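Summary of structural features
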Amino acid sequence: MSELDLPVVDFAPDRWGNPEHAITLPESLQATLDALGIHPLAAPVAPEDVALGASAVPAATRTALVEALGAPYVSDEAVDRLRHTRGWSTPDILKMRAGDASDAPDLVLRPGGHDEVVEVLRICSDAAVAVVPYSGGTSVVGGLTPGHEGFHGVVALDLGRLEGLTSLDAVSRTATLRAGTRGPRAEELLQADGFTLGHFPQSYEGASIGGYAAARSAGQSSAGYGRFDDMVVGLVLATPRGTLELGTAPKSAAGPDLRQLVLGSEGTLGVITSVTVRVRPVPTVRVFEGWRFASFEAGAEAVRRLAQDGPLPTVLRLSDEVETALNLADPASAGSGSSGCLAITGYEGAPDEVAARRAAATSVLLELGGELLGEEAGEKWRTGRFHGPYLRDPLLDAGALVETLETVTFWSNVPRLKQAVTEAVQGALLVYELPSLVMCHLSHVYETGASLYFTVACPQSEDALAQWGSAKAAANAAIRGVGAAITHHHGVGRDHRDTYAEEIGPLGVDVLRAVKATLDPAGILNPGVLVSR
Ligand SMILES: Cc1cc2nc3c(=O)[nH]c(=O)nc-3n(C[C@H](O)[C@H](O)[C@H](O)COP(=O)(O)OP(=O)(O)OC[C@H]3O[C@@H](n4cnc5c(N)ncnc54)[C@H](O)[C@@H]3O)c2cc1C
């Protein structure tokens, strides 16, 4: 079984991922925590002890929803409501650990098809009930936490029953997948026919096709396969006004591309019920290698050269000195990394093509000062690439605060951005008089620029939510201050909404509000996400 053949499992409300893959902290990391004086604080509230308010949806609306979907698919059970409360950012987890379920939906709805989604939207629109489209539930930007004010309750619209591959055009290399199909299931279905999507975000075990499209996801193989929005050729959107079906051809000169309006709309304009994507043949060869560069600057120069002049590996990433030393991708050896900066190159495809691309990229990397560490280091990253998120829960248990953030800018601005975010976060955390580590990697590259992904770790203060809030606010201001974008792939949600509004300006916000008013006149879809009301 490859590391991509992960079973589709339901997550617990309070722990990331497949419970069978849960890990304990490696000794090396525990020793680092001890040395830093990090100790567990209050024990988390168990999910069964979290108090939930009564469901606020009016009885008549509930009856209409039961008539539309069938009683088994309208749930107000506590376990369902808890599992659909917020997403998986560290603040989301901290709130759940504190027993705060104030953002829980009143009902969880599980429609079985597109027409049922349209009907739910009609009912909720008439009854002024807010709707949260929910695919995998892995949002880390508050995308699943709409405003309640002014509505007669909130329902989570779980798209898990809209699952599967509905068509495959092997000649055009396109496939239509239903929105609730989780990452591993999509690969299983496509690979049975010899194709792959090639989309492997770190949230692969939990995230789904609809969420990838709605939040413009980018996978770890984006250098070779592109971002998810590059793969989409068609979409079906259910809205309170009816259905929007988009994508009659791969490219068109007919007006603005409305597909681009739906991509990244984060559940505010409608519910994506199916997505047609470009697929590629399953690669016959996969080679992953590790490289060491003396510094992040030297490594970034080499990565930029490949991104601009080619050839591009399928996976291309570079960790800075701090991340390299901690080696977070591989919990088994976390804390035991080495000096310099680790880069990973991965090549997937047909044997001759991979050999040629690898040889050409290797000579560029050697010329620019790279030291080839070999396939063992690459394989270590490849097989451990979905393990990182499993570290967060035991780290929180141990009293550490860990969170990530990401951004993107043009190449000429990358050093300034890295420095500005690092200093801003460290400065904000200094107030707590606690040590902090700010790590960075570069993992999505373009001819003109790259995304920077930061991981922050420090001891939890008495109020870890406020502590992270101040670090995040400082990071947002720094990103904005150097003219970078507030997100490359996590999306806007509620957490980035105000900075995004500054990025696109008042006219940009008005355009989004006008489109929303057309498709969702009652404003029930994810109110307060993406743009303020
Ligand atoms: C540990 C971890 C690692 C992550 N790694 C990555 C990564 O490598 N790359 C990356 O891009 N992201 C990553 N993310 C963020 C997240 O996984 C992505 O944003 C992903 O695309 C969300 O997909 P989902 O199916 O879970 O969507 P959800 O969380 O269910 O929804 C995301 C947003 O889209 C809306 N939405 C969901 N489904 C639909 C639909 N069918 N129609 C309309 N709106 C909808 C929701 O209302 C919400 O606003 C990570 C998250 C975690 C927790």
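So, here's what we can say about the structure. Model, not experiment: these values are computed from the prediction.

1. Structural notes on the environment of Arg357
Relative to the elements of secondary structure, Arg357 occurs in helix H13 (residues 351-367). On the accessibility criterion, Arg357 (13% relative accessible area) is buried. Residues Arg357 and Glu119, spaced 238 residues apart in sequence, show a C-alpha to C-alpha distance of 51 Å. Apart from the residues lying within four places of it in its own chain, the contact partners of Arg357 are Pro311, Leu312, Pro313, Thr314, Tyr347 and Glu348.

2. Observations regarding the sheet that holds strand E5 (residues 165-169)
Sheet architecture is open: 5 strands sit in the order E5-E6-E10-E8-E9, paired in antiparallel fashion. The two strands at the open ends of the sheet, each matched to only one other strand, are E5 and strand E9 (242-246). Direction aside, the axes of adjacent strands within the sheet are offset by 10 degrees on average. When strand E8 (residues 232-239) meets strand E10 (residues 271-278), the two strands line up antiparallel, connected through 6 bridges. The residue of E10 that forms the bridge with Val236 is Ser274.

3. Focus on the nonpolar core
Membership of the largest hydrophobic core comes to 62 residues, with the highest contact counts inside it found for Leu318, Trp411, Val421, Val425, Leu442, Val445 and Leu452. Of the residues forming this core, the biggest block, 7 residues, is contributed by helix H16 (residues 414-430). Each residue touching Leu452, except ones within four places of it in the same chain, is listed here: Phe296, Leu405, Glu406, Thr407, Val414, Leu417, Lys418, Cys440, His441 and Leu442. One finds Leu4, Leu197, Ala213 and Leu235 within the second-largest nonpolar core, a separate group that totals 29 residues.

4. Considering the sheet that holds strand E1 (residues 74-75)
Strand order in the open sheet made by the 4 strands is E1-E2-E4-E3, with mixed pairing throughout. Pairing within the sheet leaves two strands with one partner each, and these edge strands are E1 and strand E3 (130-134). Sheet topology places E3 next to strand E4 (residues 154-158); 5 bridges connect them, and they run parallel. Residue pairing for E4: Val132 is matched across the bridge by Ala156. The strands touched by helix H5 (residues 114-127) within the sheet are strand E2 (107-109), E3 and E4, with E4 carrying the most contacts at an inclination of about 175 degrees.

5. So, the side chain of His84
Considering the arrangement of structural elements, one finds His84 in the loop between helix H3 (78-83) and helix H4 (90-97). The residues contacting His84, other than those within four sequence positions of it, are Pro105, Val108, Arg110, Tyr134, Ala156 and Asp158.

6. Considerations on the pattern of salt bridges
If you walk through the whole model with that rule in mind, you get 28 salt bridges. Here Glu149 and Arg533 are joined by a salt bridge, their closest N and O atoms 3.7 Å apart. Of the two residues, Glu149 is situated in the loop between E3 and E4 and Arg533 in the segment after helix H18 (497-519); the sequence distance between them amounts to 384 residues. For Glu149, a relative accessible area of 53% puts it in the exposed group. Close ionic contact of Glu375 with Arg358 constitutes a salt bridge, the shortest N to O distance being 3.3 Å. Linking Glu375 in helix H14 (residues 375-384) with Arg358 in helix H13, this pair joins segments that are 17 residues apart in sequence.

Parameters at a glance
Residues numbered from 1 in each chain as written. Predicted model: local features only at pLDDT ≥ 70, side-chain atom pairs only at ≥ 80, totals over all residues. Heavy atoms only, no water. Helix = DSSP H or I, 4+ residues; strand = E, 2+ residues; numbered from the N terminus. Buried < 20%, exposed > 50% of the residue type's maximum accessible area, 1.4 Å probe, protein only. Contact = heavy atoms within 4.5 Å. Pairing = 2+ DSSP bridges. Axes fitted to C-alpha atoms, helices over the stretch in contact; angles between N-to-C directions. Core = buried A, V, L, I, M, F, W, Y, C linked by side-chain atoms within 4.5 Å. Salt bridge = Lys/Arg side-chain N within 4 Å of Asp/Glu carboxyl O.

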